[in-house]
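Analysis of the macromolecular model
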Amino acid sequence: MGRRGIGRREADDDGPGRRPAAAVIRITEKQKSQSNPGRINMKKLLLSTTAIAMATTVATTAVAQETTVTYRSWSPVIQTLHKMVEATEAAHPGIAIDVKTFNYGEYLVDLQTRANSGDMPDLVGLEPGALTQQYRQQLAPAQQCAQSVWGDDWQSKFYPLAVDQVRLGNPEGDENFYGLPVLTQTINLWYTVPVLEDLGLEAPTTYEELKALADAARESGYAPMMIGAGDGWIRRDVFMQLIHNVAPGLIYQAEAGDVPWTDARFVKAMQAWKNMFNDGIFQDGALGLSHYPGAVEVIESGRAATFPMGAWWQQQAAGDNPTPLSENLSGYAAFKFPDVTGKGAPDDFLGGIDVMIGISKDADYDAACKVLTDWIGGAGAQTLINTFNDLPAFVGLRPEKFGSANQEAVWDMFTEEWLPTVKYARQLASPDVKQALEDALAAVAAGDKTPEEGMAMVQAAYDSSKG
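If you're wondering where the values come from, they're calculated on a predicted model, not measured in any experiment.

With that settled, the discussion passes to the packing of aromatic side chains. Scanning all chains against the criterion turns up 26 aromatic pairs. Measuring from centroid to centroid gives 5.1 Å for Tyr71 and Trp375, while their planes differ by 80°, and the two rings are edge-to-face. Remark: Trp375 occurs in helix α15 (residues 365-377) and Tyr71 occurs in strand β1 (residues 67-73); sequence separation between them is 304 residues. Comparing Tyr71 with Trp375, the two get one shared label, buried. Of the aromatic side chains, those joined through ring pairs into one cluster are Trp74, Phe102, Tyr104, Tyr107, Trp233, Tyr292 and Trp312.

As structure tokens, this is what we get:
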């Protein structure tokens, strides 16, 4: 029984005419406070201090229970990532997400530095093949994460090409998924619509037409094909389309050791790469320029006739302050790499996974898994796709709104016509071969190596990687 009930019973026993004990207590407390006015203030202070302490404890506990998940990558662009973070944190209370992106080349340096110092981010931006294999030892298998969210048939939630490429380059017998695909893409070329209209030309389908377009663009003061060939990845992207044009699938046979990298068809593709410099297809000074942001600045200014990119170029339309050409993708159109053999270009595109994300072994696996799967197929994923950052790896996602008929038509072309044709990956399996090829492309373009010598560099790297 509470103290207040006891007081009532005692008052009843005292009989009428006598003040109840409770009243006596109140009078006594009042008298005490009057005789010692600091006493009540001290009690109030103690009560206030206790309340503050309790509130602080609760707040501290809440902070302590919040888990921070870090993400480092080159993609998606930071404006998009901030929107994704907001959506995912709202969907998963108790998780805070810390993100940072770099230009691709800078990211590779940052990731290597982190790996060397044992400070890997919780979620790691990856590409299939060489980049994933380079950091495989620092990554936790991700298939348990996928299974916990989507069940045993989780692979059916993704486009087949995305699942097929995740394990590119895994050692024989290693069936782990060291990341999960987030975005897919094709690699191709683009042209600036007003420029080709000004020149009175259409998108080229042959090398001869590409050369004629380049000559006309130069004469009118435009960059012919704008490329930041100082970046290895874009050199490799162009070469991959050239060798696919010359001999589809050959490069993957070479990776398997079935064909030497010095094969005459590789040399032919390397010579085609050199010809694009000799014939003025690329702008002058291309080797001294980065693709991001160097070439992009010229492209978005409307001074480039064509340029090599991929499906990800759509994201330019979703920036905070898109240029007039980028707004609603009104000023650009995509086209297939022209035939360089005279025998017709292959019907299929190179592409597949653009960005996949791995979970570091040092991460809070459950928290990292929640963020990753939300970015693949949840609220964060829908936010991502709404920005046209690239094509989804997860089946069923589509932007909720298009800004123009052209923007919707380009999206449908990529997702319904081009992406389903992809047979071969854009990436290489071996980090050593990838680096050697990028170095060889730079050396041949600069005239420091012949095409034959360039491919010999790649063969040497391949041999070295095999011990």
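There's more to say after this.
Attention now goes to helix α17 (residues 405-418). Its 14 residues give α17 an end-to-end C-alpha distance of 18 Å, which sits within 8% of 20 Å, the value for a rise of 1.5 Å per residue. In this structure, the buried side of α17 is in contact with β5 (180-192), β8 (332-335), α16 (379-386) and β10 (391-392).

Quick look at the side chain of Asp122 now. Summarising the element assignment, Asp122 is placed in the loop between α5 (104-117) and β3 (123-126). For the buried residue Asp122, which engages in no salt bridge, the nearest side chain bearing the opposite charge is Arg72, 8.1 Å off. Among all residues touching Asp122, those that are not within four sequence positions of it are Thr68, Val69, Thr70, Gly358, Ile359, Ser360 and Ala363.

It is worth spelling out the environment of Leu397 at this point. Here Leu397 lies in the loop between β10 and α17. The buried category is assigned to Leu397, whose relative accessible area is 14%. With 12 residues separating them in the primary sequence, Leu397 and Ile385 have C-alpha atoms 7.2 Å apart. If we skip the residues at most four places from it in the chain, Leu397 touches Ile376, Ala381, Gln382, Ile385, Pro392 and Trp411.

Taken across its seven residues, strand β7 (residues 304-310) has seven buried, putting it largely inside the fold. In the sheet, β5 pairs with β7 via five bridges, with the strands oriented antiparallel. When the bridges of β7 are listed, Trp190 appears paired with Phe307. Direction of pairing for strand β6 (residues 223-225) relative to β7: parallel, over a ladder of two bridges. Looking at β7, one finds that Ala223 is bridged to Ala304.

Before going further, it helps to spend a moment on the environment of Arg235. With respect to the helices and strands, the residue Arg235 is situated in helix α11 (residues 232-246). Given a relative accessible area of 7%, Arg235 falls into the buried group. Taking the C-alpha atoms as reference, Arg235 lies 9.3 Å from Asp439; in sequence the two are 204 residues apart. Not counting residues within four places of it along the chain, the set of residues in contact with Arg235 comprises Ala229, Gly230, Trp273, Leu287, Glu438, Asp439, Leu441 and Ala442. Polar contacts involving the side chain of Arg235 include one to the main-chain carbonyl oxygen of Glu438, which spans 3.0 Å.

Disulfides are covalent bonds that link the sulfur atoms of two cysteine residues. What the rule picks out here adds up to one disulfide. Disulfide partner of Cys145: Cys369, at an S-S distance of 2.2 Å. The chirality of the disulfide connecting Cys145 with Cys369 is right-handed, given an S-S dihedral of about 90°. Residue Cys145 is found in helix α7 (residues 143-150), and its partner Cys369 is found in helix α15; the two are separated by 224 residues along the sequence. We classify Cys145 as buried; its relative accessible area is 1%.

Under the criterion given, the structure shown has 12 salt bridges. The salt bridge involving Asp98 is made with Arg72; its shortest N-O contact spans 2.7 Å. Linking Asp98 in strand β2 (residues 95-101) with Arg72 in strand β1, this pair joins segments that are 26 residues apart in sequence. Salt bridges here are not isolated pairs; linked through shared partners, they connect Asp110, Arg114 and Asp119.

Cut-offs applied
By convention here, each chain's residues receive numbers from 1 onward along its written sequence. Local features in a predicted model are, by the rule used here, given only for residues with pLDDT of at least 70; side-chain atom pairs are given and counted only at 80 or more, and totals for whole chains, interfaces and linings are based on all residues. Think of the side-chain values as coming from all heavy atoms in the structure, minus any hydrogens and water. Each Phe, Tyr or Trp ring (for Trp, its six-membered ring) is paired with any other whose centre lies within 6.5 Å, and the angle between the two planes then decides the class: stacked below 30 degrees, edge-to-face above 60, tilted in between. Each helix is a run of H or I in the DSSP string that is no shorter than four residues. Each strand is a run of E no shorter than two, and both are numbered from the N terminus. When accessible area is computed with a 1.4 Å probe and restricted to protein chains, residues below 20% of their type maximum are described as buried, those above 50% as exposed, and intermediate ones as partly exposed. Every helix has an expected span of 1.5 Å times one less than the residues it contains. Any two residues having at least one pair of non-hydrogen atoms within 4.5 Å are treated as being in contact. Counted charges follow a simple rule, with Lys and Arg positive, Asp and Glu negative, and His plus the chain ends left uncounted. For this analysis, a salt bridge means a side-chain nitrogen from Lys or Arg found within 4 Å of a carboxyl oxygen belonging to Asp or Glu. Two strands qualify as a pair provided that DSSP identifies no fewer than 2 bridges between them. Counting of polar contacts relies on pairs of N or O atoms within 3.5 Å, with two restrictions inside protein: one atom must be capable of donating a hydrogen and the other of accepting it, and residues adjacent in sequence are counted only when both atoms are side-chain atoms. To count as a disulfide, a pair of cysteine sulfur atoms needs to be within 2.5 Å.

From the geometry alone we can't say anything about function, so treat these as descriptive.
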